[in-house]
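A structural walkthrough
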Amino acid sequence: MNETTDHNDPQGELVLRVVAQPADVNVNGDIFGGWVLSQMDIAAGVLSRDISQGRSTTVALDAMKFIRPVKIGDILCVYARLIKIGRTSMTIGIEAWVRRGTQATREKVTEAVFTFVAIDEEGRPRVVPQPEG
């Protein structure tokens, strides 16, 4: 399954995989972009929680780019990678790819950059642990 239609591979780790359902379509019969965005935010949240070792919240979304539509029955695969760690924030690159039907090829459908802030139990920013090394 290394072949892709974009001639490259997803960047980051596979964090989320979900099947697009009929309930998630827009008026054109494609999967609603907001549904795809929510899956990307969930995946970014999983990675930010792991990195920050606790609660975090989305504070910004930059460079959102819809490349291709997602169809009913596509398997949406969301990949996440850490771009940068700040004092209290994390910048996370997200790519959404699909596998259509029984095809072994993947197509990139969406990409974005999310910024998360680590928060404490009261919702205030807290320091993100820095990686060793």
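Computed from a predicted model, the values in this text were never measured in an experiment.

**Thoughts on the environment of Val59**
Within the secondary structure, Val59 is located in strand β2 (residues 56–66). The spacing of Val59 and Ile42 is 17 residues in sequence and 13 Å in space, taken between C-alpha atoms. Not counting the four nearest positions on each side in its chain, Val59 is found in contact with Thr115, Phe116 and Val117.

**With respect to the confidence of the model for the protein chain**
Per-residue pLDDT for the protein chain has a mean of 91; in total, 94% of the residues score no lower than 70. Contacts of residues 1–7 to residues separated by more than four positions or lying in other chains number 19 contacts, the stretch itself having pLDDT below 50.

**A short note on the sheet that holds strand β3 (residues 75–85)**
Spatially, the five strands line up as an open sheet ordered β1-β3-β4-β5-β2, and their pairing is antiparallel. Of all strands in the sheet, those bounded by a partner on one side alone are β1 (13–19) and β2. Geometrically, the sheet is characterised by an average inter-axis angle of 25 degrees between neighbouring strands, direction not taken into account. Bridge count between strand β4 (residues 89–99) and strand β5 (residues 106–118): eleven bridges; the pairing is antiparallel. The residue bridging Ala96 from the neighbouring strand is Thr110, located in β5. Against the sheet, helix α1 (residues 33–52) touches β1, β2, β3, β4 and β5, its axis set at about 50 degrees to β5.

**Quick look at the environment of Phe32**
Mapped onto the fold, Phe32 is located in the loop between β1 and α1. The class of Phe32 is partly exposed, set by a relative accessible area of 49%. Taking C-alpha positions, Phe32 is 8.8 Å from Pro69, a pair spaced 37 residues apart along the chain. In contact with Phe32, other than residues within four places in its own chain, are Asp24, Val25 and Asn26.

**Overview of the nonpolar core**
Counting 25 residues, the largest nonpolar core has Met40, Val70, Leu76, Ile92 and Ile94 as its most contacted members. Residue assignment for this core shows that the elements contributing at least two residues are α1, β3, β4 and β5. Among the elements that make up this core, the one with the highest residue count is α1 (seven residues). If we skip the residues at most four places from it in the chain, Leu76 touches Leu16, Arg17, Val18, Trp35, Gln39, Val70, Ala96, Trp97, Val98 and Val109.

Quick notes on the rules
Residues numbered from 1 in each chain as written. Predicted model: local features only at pLDDT ≥ 70, side-chain atom pairs only at ≥ 80, totals over all residues. Heavy atoms only, no water. Helix = DSSP H or I, 4+ residues; strand = E, 2+ residues; numbered from the N terminus. Contact = heavy atoms within 4.5 Å. pLDDT = per-residue confidence, 0-100. Pairing = 2+ DSSP bridges. Axes fitted to C-alpha atoms, helices over the stretch in contact; angles between N-to-C directions. Buried < 20%, exposed > 50% of the residue type's maximum accessible area, 1.4 Å probe, protein only. Core = buried A, V, L, I, M, F, W, Y, C linked by side-chain atoms within 4.5 Å.

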